[in-house]
Amino acid sequence: MSAVHAEADGMPQGHFTLPDPSLPRVLEVENLIVDVPGRRLLDGISFWVPKGEFVCLCGPNGAGKSTFLKTVLGLMPPTSGSIRIMGKPAQKALREVGYVPQRKTSDMTFPARSIDLIVASMRGSWPLRIREEERARAIEILRHVGGEKLLEKEIARLSGGETQRVFLARALVNKPSLVILDEPTAGVDVKGRAEFLDLLAEISASDELAAILVTHNLAAVARCAERVVYLDAGRVSAWGLPSELLGQASLSAISAVAGGDHAAHSHHHQLPDEE
Ligand SMILES: Nc1ncnc2c1ncn2[C@@H]1O[C@H](COP(=O)(O)OP(=O)(O)OP(=O)(O)O)[C@@H](O)[C@H]1O
């Protein structure tokens with residue numbers, strides 16, 4: 001508990017309920033520090049995610065949420081501290097993690113179909129020829145996310161919501177223990193966002209699959225989060241149940257920051273149901 005600070009402006013003070021320490025841990029982060037030349041981006045992050053738990057990772061722009069995800073995914077080196085996935089050093093357990101990127105980073109510049117993307121993830125290499133059993137598995141996982149009709153479609157031609165559905169299928173195809181989603185509905189229209197939220201709620205209901213969802217979307221937090229980790233200036237400023245963090249002041253702290261790709265283009269403050 002020593003790494004958890006309740007000092008951030010607008011955050012509730014007092015008691016936060018942590019996960020049952022006796023449950024198996026899918027992700028365990030201890031005193032993680034990430035420095036880049038001249039700057040500390042993550043300043044002693046500690047928390048864990050038990051099997052099956054759905055965690056929303058919230059916090060203002062620039063808090064370090066994407067940096068944290070990149071470090072867990074092995075894309076940025078930790079300066080010190082440790083990240084364990086299913087009890088192993090993170091680098092040795094990345095097969096246990098599925099990743100859904102922000103839509104802007106998943107824009108495809110070459111002609112790939114949904115099936116290619118999903119089979120590439122199954123194999124770990126780009127498929128030149130797809131075997132029958134691979135095709136069957138791709139259909140199965142797309143059906144699971146309600147996207148079977150997208151199988152042969154080119155990714156570049158899909159809507160935002162369809163694209164994220166395919167990326168969710170890709171993230172789930174290897175039966176991970178943890179799925180990590182970085183503002184998956186930023187830049188997705190209202191209908192696509194509502195449908196994607198239904199899929200996230202299903203993941204949240206699963207006792208097997210754990211998730212970390214980076215979001216500024218209060219509707220997503222209210223509907224899916226089993227726990228919330230609130231990052232501020234590279235530190236965990238609160239870690240507890242959504243009901244403990246969704247007090248009046250903290251509610252505005254989560255929603256009243258411009259999120260995702262909107263942030264770069266406008267100073268518009270978003271409504272709670274936007275991302
Ligand atoms: N490679 C890097 N070198 C230097 N600074 C970086 C690097 N990557 C990120 N930063 C800075 O670190 C801070 C945290 O960035 P990060 O993208 O992790 O925040 P975030 O919480 O994901 O924000 P947002 O909600 O806007 O996506 C920002 O100030 C960013 O400019």
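Going by the annotation in an unreviewed UniProt entry, the name recorded for the protein chain is ABC transporter ATP-binding protein, with Polyangium jinanense given as the source organism.

(A) The arrangement of the site of the ligand in detail. Around the ligand, a shell composed of 13 residues is seen, among which Asn61, Gly62, Lys65, Ser66 and Thr67 lie nearest. Contact distances for the ligand include 3.1 Å between an oxygen atom and a backbone N or O atom of alanine 63. Expressed as a share of its isolated accessible area of 640 Å², the protein-covered part of the ligand is 65%. Of all the elements in the fold, those that place two or more residues in the shell around the ligand are strand 2 (39-50) and helix 1 (65-72).

(B) Layout of the nonpolar core. By size, the foremost hydrophobic cluster in this structure holds 44 residues, and its most contacted members are Ile118, Leu168, Val179, Leu181 and Leu200. Beyond its immediate stretch of four places on either side in the chain, valine 179 contacts Gly98, Val100, Ala171, Leu172, Ile203, Leu209, Ala210, Ala211 and Ile212.

(C) Examining the sheet that holds strand 10 (residues 235-240) more closely. Strand order across the open sheet formed by six strands is 6-7-8-3-9-10, with mixed pairing between neighbours. Because the sheet does not close on itself, it has two edges, and the strands there are strand 6 (97-100) and strand 10. Each strand axis lies, on average, 15 degrees off the axis of its neighbour in the sheet, ignoring direction. Taken together, the five bridges between strand 9 (residues 227-232) and strand 10 define a ladder with antiparallel strand orientation. Paired with tyrosine 230 across the strands is alanine 238, a residue of strand 10. Sheet contacts for helix 1: strand 3 (54-58), strand 7 (178-182), strand 8 (210-214) and strand 9; angle to strand 7, the most-contacted strand, approximately 145 degrees.

(D) Quick look at the environment of alanine 210. On the secondary structure map, alanine 210 appears in strand 8. Assessed through its relative accessible area of 0%, alanine 210 is described here as buried. Between the alpha carbons of alanine 210 and arginine 25 there is a distance of 9.6 Å; along the sequence they are 185 residues apart.

(E) Inspection of the pairing of strand 2 at higher detail. Most of strand 2 is tucked away: nine of the twelve residues are buried. Relative to strand 2, strand 1 (residues 25-36) is paired through nine bridges, and the arrangement is antiparallel. When the sheet's bridge partners are listed, aspartate 35 is paired in strand 2 with arginine 40. In this antiparallel pair of consecutive strands, strand 1 and strand 2, the connection spans two residues, and glycine 38 shows a positive phi of 80 degrees.

(F) Region of the structure containing the sheet that holds strand 2. Spatially, the four strands line up as an open sheet ordered 2-1-4-5, and their pairing is antiparallel. The open sheet has two free edges, formed respectively by strand 2 and strand 5 (88-89), since each of these has just one partner strand. Contacts from helix 1 reach strand 1, strand 2 and strand 4 (80-85) within the one sheet, and its direction differs from that of strand 1 by about 115 degrees.

(G) Expanded view of helix 3 (residues 132-144). With 13 residues, helix 3 extends 18 Å between its outermost C-alpha atoms, agreeing within 8% with the 18 Å of an ideal straight helix rising 1.5 Å per residue. Taken as a whole, helix 3 has its buried residues at Glu134, Arg137, Ala138, Ile141 and Leu142. Seen end-on, helix 3 carries its buried residues on one side only, within an arc spanning 130 degrees. With respect to the buried face of helix 3, the exposed residues turned more than 90 degrees away are Glu132, Glu133 and Arg143. Contact partners of the buried residues in helix 3: helix 2 (114-123) and helix 4 (160-172).

(H) Highlighting helix 4. Here helix 4 spans 18 Å end to end across 13 residues, near enough to the 18 Å set by a 1.5 Å rise per residue. Among the 13 residues that make up helix 4, eleven are buried, leaving the element largely enclosed by the rest of the structure. All buried positions along helix 4 are accounted for by Gly160, Gly161, Thr163, Gln164, Arg165, Val166, Phe167, Leu168, Ala169, Ala171 and Leu172. Those residues of helix 4 that are buried are in contact with strand 6, helix 2, helix 3, strand 7 and helix 5 (190-205).

Cut-offs used in this document
Residues numbered from 1 in each chain as written. Predicted model: local features only at pLDDT ≥ 70, side-chain atom pairs only at ≥ 80, totals over all residues. Heavy atoms only, no water. Near = heavy atom within 4 Å. Polar contact = N/O pair within 3.5 Å; in protein donor to acceptor, adjacent residues only side chain to side chain. Areas by Shrake-Rupley, 256 points an atom, 1.4 Å probe, with all protein chains shown as cover. Helix = DSSP H or I, 4+ residues; strand = E, 2+ residues; numbered from the N terminus. Core = buried A, V, L, I, M, F, W, Y, C linked by side-chain atoms within 4.5 Å. Buried < 20%, exposed > 50% of the residue type's maximum accessible area, 1.4 Å probe, protein only. Contact = heavy atoms within 4.5 Å. Pairing = 2+ DSSP bridges. Axes fitted to C-alpha atoms, helices over the stretch in contact; angles between N-to-C directions. Expected span 1.5 Å × (residues − 1). Arc of directions from axis to C-beta.

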